[in-house]
Amino acid sequence: MNILLEIGSGICLLLGCFLCLSGGVGILRFPDFFTRMHAVGVTDTLGAGMILIGLMLQNPTGLVLLKLLMILLLTLFINPTASHALAKAALRNNLHMVLDESTDKGGDKPSKP
Amino acid sequence: MNDNKVTLEEKSKYWPVHTLSLGITLSLFWWINSNYSNLLLLSLGAASILLVLFIAYRMDVIDHESQPVHLSIKIPGYLLWLTKEIILANISVVKHIWLGNSSISPTLVTIDASQRTDLGKVIYANSITLTPGTVTVDLVGDRMTIHALIKENIDTLKAGEMDRRVTELENKC
């Protein structure tokens, strides 16, 4: 049982590390602010989540589990708000935006036919 | 004066369950963070929770928006579905990160939200932002401006699955 938990925890931590690394690579690679924000989204959600779940499996009984769960919940509530504030500020200040040429820039269609 | 009375009546209909919910949340938060069990510290904790409840009551922030207890039956199902969506979106974004710049097609579009209440719109907008690959940039009335990393993400949103689920969640109340 213990060895299973150790292996599961290790897999989760490895996956989380890979996702965080991918997020970092995305920040360096993508062309503009908005696309970079999407790369950070990976680190924010599943990257942090996987690392926290891995840490939870290290100590599955006890108060540490609850504390880690709380951190996970707070992260998931705070991140979208922060991302939205950043994106809105960037749009209001007319930050340069790279858009795909083939798409309709107006794109002002309703979501339902 | 008259308006005041109406809001007070509405409040008395709502606030016991919302105050209780806030009190339980605060107690859990205090206990998880401290884990003390001697009488002096427990009573000090209870006193601080009561103080916070009083301040929140005077600030008039205890209502169905800060404590959405009416959603608590349906929210676990929605969160499970959202987790699945987040994992799928993560895989797609990571794939595009490693494939490089030529594989992405950044798009900015405006879509309609069909939710009636502010709470529903906020849940929808935050769910979109939480999913990697799409960010809600602006929300005016019931029109949302959304920036997406890949064009297909917008098509998925326009298909309206998430919109439908959030509206269902909100209608239950």
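Residues numbered from 1 in each chain as written. Chains lettered and ligands numbered in written order. Predicted model: local features only at pLDDT ≥ 70, side-chain atom pairs only at ≥ 80, totals over all residues.

## Describing the interface of chain B and chain A
Taken residue by residue, the interface counts 35 residues in chain B and 38 residues in chain A. Breaking the side of chain B that touches chain A down by element, the ones donating at least two residues are α3 (75–99), β1 (107–112), α4 (118–130), β2 (134–140) and α5 (151–159) of chain B. Class assignment of the residues belonging to the side of chain B that touches chain A gives a composition of 17 nonpolar, 13 polar and five charged. (Contact = placed C-beta atoms within 7 Å. Helix = DSSP H or I, 4+ residues; strand = E, 2+ residues; numbered from the N terminus. Nonpolar A, V, L, I, M, F, W, Y, C, P; charged D, E, K, R; others polar.)

## A word on the pairing of strand β3 (residues 143–148) of chain B
The two faces of the sheet receive side chains in turn, since in a regular strand these alternate between them. All names here are of chain B. In terms of strand pairing, β1 meets β3 through six bridges, oriented antiparallel. Opposite Val 109, over in β3, you have Ile 146 as the bridge partner. Following β2, the chain reverses through two residues before pairing antiparallel with β3; Gly 141 in that reversal takes a positive phi of roughly 60 degrees. (Pairing = 2+ DSSP bridges.)

## Side note on helix α2 (residues 39–59) of chain B
Residue and element names in this part refer to chain B. When the terminal C-alpha atoms of α2 are compared, their 30 Å separation across 21 residues agrees well with the 30 Å that a helix rising 1.5 Å per residue should span. Counting buried residues along α2, only zero of its 21 residues qualify, which leaves the element largely exposed. Following α2 by one or two positions, Asp 60 has its phi on the positive side, about 65 degrees. (Expected span 1.5 Å × (residues − 1). Buried ≥ 20, exposed ≤ 12 C-beta atoms within 10 Å, placed from the backbone.)

## Overview of the nonpolar core
Of all hydrophobic cores here, the largest spans 42 residues; its most connected members are Val 42 of chain A together with Val 93, Tyr 124, Ile 146 and Leu 157 of chain B. With 10 residues, the top contributor of residues to this core is helix α2 (residues 33–58) of chain A. Those residues within four positions of Tyr 124 of chain B in sequence are excluded, and the remaining contacts are Ala 113, Gln 115, Met 162, Asp 163 and Val 166 of chain B. (Core = buried A, V, L, I, M, F, W, Y, C linked by C-beta atoms within 7 Å.)

## Here's the deal with the sheet that holds β2 of chain B
Residues and elements named next belong to chain B. The strand order β1-β3-β2 describes an open sheet built from three strands, whose pairing is antiparallel. In this open sheet, the two strands that pair with only one neighbour each are β1 and β2. When strand polarity is set aside, the average angle formed by the axes of neighbouring strands in this sheet is 25 degrees. (Axes fitted to C-alpha atoms, helices over the stretch in contact; angles between N-to-C directions.)

## Examining the UniProt feature "transmembrane region" (unreviewed entry) in chain A
All names here are of chain A. UniProt marks residues 6–28, 40–58 and 64–87 with the feature "transmembrane region" (unreviewed entry), using the numbering shown here. Secondary structure content for residues 6–28 is 100% helix and 0% strand, and the end C-alpha separation is 33 Å. Along residues 64–87 one finds 100% helix and 0% strand; the C-alpha atoms at either end are 34 Å apart. (UniProt positions renumbered as here; feature names shortened; annotations may be inferred.)

## Structural notes on the domain arrangement of chain B
In terms of domains, chain B is made up of domain 1 (2–67) and domain 2 (70–171). Centre-to-centre separation of domain 1 of chain B and domain 2 of chain B, based on C-alpha positions: 32 Å. (Domains from an automatic or database assignment.)

## Concerning the environment of Arg 36 of chain A
All names here are of chain A. Here Arg 36 is to be found in helix α2. Spatially, the C-alpha atoms of Arg 36 and Gly 23 are 8.7 Å apart, while their sequence positions differ by 13 residues. Setting aside its immediate chain neighbours within four residues, Arg 36 contacts Gly 26, Ile 27 and Phe 30.

## A closer look at the confidence of the model for chain B
Close inspection of predicted coordinates is inappropriate for parts of the model with low pLDDT. All names here are of chain B. For chain B, the mean per-residue pLDDT works out to 84, and 90% of the residues sit at or above 70. For chain B, per-element mean pLDDT is lowest for helix α1 (residues 2–34), which scores 72, and highest for α2, which scores 93. Segment residues 1–6: pLDDT under 50, and zero contacts once partners within four positions in sequence are set aside and those in other chains are kept. (pLDDT = per-residue confidence, 0-100.)

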